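What the coordinates show
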Amino acid sequence: MAARAAIRSGAGLVSALVPARIAPIVAGLVPEAMVHPGAETDAGSLSADCLAQWNRPLTDFGAVLVGPG
């Protein structure tokens with residue numbers, strides 16, 4: 001939902017970091033976004049160290065949206 005909202009609002013290039021097990025689903029639902037699978041917990045949410053493992057500094061982005069989906 002958040003990735004789709006970012007695209008609709010005109011954010012430009014959208015990257016979505018999502019739990020690895022749902023990455024294919026999100027990629028299919030939001031084909032305009034670049035979907036990146038992130039490390040996840042046993043419960044299926046993103047792990048606390050997923051940003052460090054992603055190896056992409058947030059300063060590379062003009063805006064950051066955190067939300068469901």
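Going by the structure above, here's the rest.
Conventions used here
- Residues numbered from 1 in each chain as written.
- Predicted model: local features only at pLDDT ≥ 70, side-chain atom pairs only at ≥ 80, totals over all residues.
- Heavy atoms only, no water.
- Helix = DSSP H or I, 4+ residues; strand = E, 2+ residues; numbered from the N terminus.
- Patch = residues over 30% accessible without salt bridge, like charges linked within 9 Å, V, L, I, M, F, W, Y side chains within 5 Å.
- Areas by Shrake-Rupley, 256 points an atom, 1.4 Å probe, with all protein chains shown as cover.
- Salt bridge = Lys/Arg side-chain N within 4 Å of Asp/Glu carboxyl O.
- Buried < 20%, exposed > 50% of the residue type's maximum accessible area, 1.4 Å probe, protein only.
- Pairing = 2+ DSSP bridges.
- Right-handed = clockwise from strand over helix to strand, strands pointing away.

Describing the environment of Glu32
Tracing the chain through its elements places Glu32 in the loop between α2 (23–29) and β2 (34–38). In the structure, Glu32 is positioned 27 residues away from Thr59 in sequence and 22 Å away in space, judged by C-alpha atoms.

Re a nonpolar patch on the surface
The grouping of Leu51, Leu58, Val64 and Val66 at the surface amounts to a nonpolar patch, some 390 Å² of accessible area in total. Here Val66 lies in the segment after α3 (50–54). What makes Val66 exposed here is its relative accessible area of 77%.

Considerations on the pairing of strand β1 (residues 15–19)
Working note: regular strand, side chains alternate between the two faces of the sheet. For β1, the buried fraction is high: four of the five residues fall into the buried class. In terms of strand pairing, β1 meets β2 through five bridges, oriented parallel. Within β2, the position partnered with Ser15 by the bridge is Met34. The parallel pair β1 and β2 is bridged by α2, and the resulting crossover is right-handed.

Some details on unusual backbone geometry
For Asn55, which is not a glycine, the phi torsion comes out positive at approximately 60 degrees. Checked against the element boundaries, Asn55 lands in the segment after α3. Residue Asn55 is classed as exposed on the basis of its relative accessible area, which comes to 67%.

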